[in-house]
Amino acid sequence: MTHPASQHAGLPHAVFLHRMAGGSLPSALEPRLGRAAFVALRLVDLLGPEHATLHPDAFHYQYVATVRCCRDLPPGSTEASHLLGLVRGTGDAFEQQSAGLVLPALFAYAHYLEDEMRLEEALDVLDTLLQVGGAALPPADGVGAQLRRARVYRKLNEFDAAEQSYAEGGALAAAIGDTHSELLSRIGRAHSLMGRGNLAEAEQSLRGTLAQADASGDRQAEALAHHVLSAVLQTGGRPADAISHAWVAFKSYDDEISQGRALGDLGSLFLIVGETQGAEHALREAARRGGSQDYVSNALIELMNCASFCRDRVGFERWREECDARRESMPPNILVDYMLKAGIGRARFGQLDRAERLLADALRIADEAGLHEFTFRIERIKAGLRDCRRAPNEEPAEVAQPVVQTKAVREVSAALAHLAGAT
């Protein structure tokens, strides 16, 4: 098993105390949430095997103090609700001497943190779940925790740890005959291979997984494999081929969130190949379905990008304003993408000074967040802006996109137009 994040930090759950180290006042919400999460997870630790002989009075004292800390949080906060549920679940688990009673709350809190892109914190919660559950952790929960843990590691670009967790989750799944989770493990490992840049092996693995999922009738694993394969093909410079797989993923998913993500990715792919009508249909539908989901920000950013690509100044300003309204909730990777594409839009409309300022801000945020791929892209585009000043009728490097029309692209575009018309 890989080392938990809390061990790396020295003090268990210290990652949550990092929220108190910023420039915010101690009375601000984020430091208070960080402190409450820290004490709540310290309470959960008391369910671990090493505290089996803990006196009930000692637990009760810490429980009451933790409840008081969490109840002082604003009642409308989603995270505060998660923490209160976690504390209540811990109290029930201690009273009934069953750590399993707190596992649903830990899973839910980890999922919330991952969605909020607080990945180190999500990892800490998942490690806590595995530690508290110990040998008594039900095998199905162990599989779920390892696969979720692997995904968080992958998002952190810690591919060695991700692949190890995927392998551990897959082995546990095989031991209990959970073929669906075995397939998810294989898909996850292929996704990690893509992150390492090993596109050929990732593609080969995914095509094998697709065949296995099809043979076993696992429609959801098949959908996810198509979706990841689409990303591999896009990364490898084959966006037209990727479109077909993203469309199959959309048609195969049975939940709206996954469908919305697939539509958002389809919109980006259509924009890459220069098919702006298909891009707009897909992105509008993704935004319509998504509500508060994080992929809606991506869809709105791509709609802004699509409008500037088409030299639609009114459309660009409309979508830019919608993006700007969500700016405070954007994690660094999405915020950098927004500022980058807003800068590209300004360049397309000849506003080179404003474009340079946006790109400079995007570069600063990318550097601070360690988003190295964005750093390289932004630097190339900034160099292209200098060329634009010398040749005003040309676009900066990586802004202009080729138009690629294949039969598959046309068919999916027509299907998207029908979908948009039907809704």
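Rules used in this analysis
Residues numbered from 1 in each chain as written. Predicted model: local features only at pLDDT ≥ 70, side-chain atom pairs only at ≥ 80, totals over all residues. Heavy atoms only, no water. Helix = DSSP H or I, 4+ residues; strand = E, 2+ residues; numbered from the N terminus. Rg over C-alpha atoms; globule rule 2.2 N^0.38 Å. Buried < 20%, exposed > 50% of the residue type's maximum accessible area, 1.4 Å probe, protein only. Contact = heavy atoms within 4.5 Å. Lys, Arg positive; Asp, Glu negative; His and termini not counted. Charge placed at Lys NZ, Arg CZ, Asp CG, Glu CD. Expected span 1.5 Å × (residues − 1). Phe/Tyr/Trp six-rings, centres within 6.5 Å; stacked < 30°, edge-to-face > 60°. Lys NZ or Arg CZ within 6 Å of the ring centre and 35° of its normal.

## Thoughts on the overall build of the chain
Here's step 1: When helices and strands are tallied, the chain shows 20 helices and zero strands.
Here's step 2: In terms of overall size, the chain behaves like a compact globule, its C-alpha atoms giving a radius of gyration of 23 Å where 423 residues would be expected to give roughly 22 Å.
Here's step 3: Structurally, the chain occupies a C-alpha span of about 75 × 55 × 40 Å along its principal axes.
Here's step 4: Taking all 423 residues of the chain together, 48% fall into the buried category.
Here's step 5: Residue pairs in contact within the chain that sit at least 24 positions apart in sequence constitute 61% of those at least 6 positions apart.
Here's step 6: Across the chain, the mean location of the 44 positive side-chain charges is 5 Å away from that of the 56 negative side-chain charges.

## Some words on helix 7 (residues 139–155)
Here's step 1: Helix length check: helix 7 (17 residues) gives 25 Å between terminal C-alpha atoms against 24 Å at 1.5 Å per residue, within 8%.
Here's step 2: Buried within helix 7 are the following residues: Gly142, Val143, Ala145, Gln146, Leu147, Arg148, Arg149, Ala150, Val152, Tyr153 and Arg154.
Here's step 3: As for helix 7, its buried residues are in contact with helix 5 (103–115), helix 6 (119–133), helix 8 (159–175) and helix 9 (179–196).
Here's step 4: In the segment just after helix 7, Asn157 is the residue with positive phi, at about 65°.

## Some thoughts on the packing of aromatic side chains
Aromatic rings considered in pairs are described by the distance between their centres and by the relative angle of their planes.
Here's step 1: All chains considered together, the criterion is met by six aromatic pairs.
Here's step 2: Here Phe16 and Tyr109 contribute two aromatic rings whose centre-to-centre distance is 6.3 Å and whose plane-to-plane angle is 15°, an arrangement assigned as stacked. With a gap of 93 residues between them, Phe16 in the loop between helix 1 (5–9) and helix 2 (29–45) and Tyr109 in helix 5 connect regions that are remote in the sequence.
Here's step 3: Assessed through its relative accessible area of 0%, Phe16 is described here as buried.
Here's step 4: Ring centres 6.5 Å apart and planes at 10° place the aromatic pair Tyr109 and Tyr112 in the stacked group. Residue Tyr109 and its partner Tyr112 are both found in helix 5; the two are separated by three residues, about one turn of the helix. Grouping residues by exposure puts Tyr109 and Tyr112 together as buried.
Here's step 5: Here the basic side chain of Arg313 rests over the ring of Phe349, its NZ or CZ set 5.2 Å away from the ring centre.
Here's step 6: Across the ring face of Trp319, the terminal group of Arg318 is positioned such that the distance to the ring centre comes to 4.0 Å.

## Looking at unusual backbone geometry
Here's step 1: Notably, His13 is not glycine yet its phi reads approximately 70°, a positive angle.
Here's step 2: Within the secondary structure, His13 sits in the loop between helix 1 and helix 2.
Here's step 3: In this structure His13 comes out as buried when scored by relative accessible area, which is 2%.
Here's step 4: At Arg311, a position not held by glycine, the phi torsion is positive, near 60°.
Here's step 5: One can find Arg311 in the loop between helix 15 (295–309) and helix 16 (313–325).

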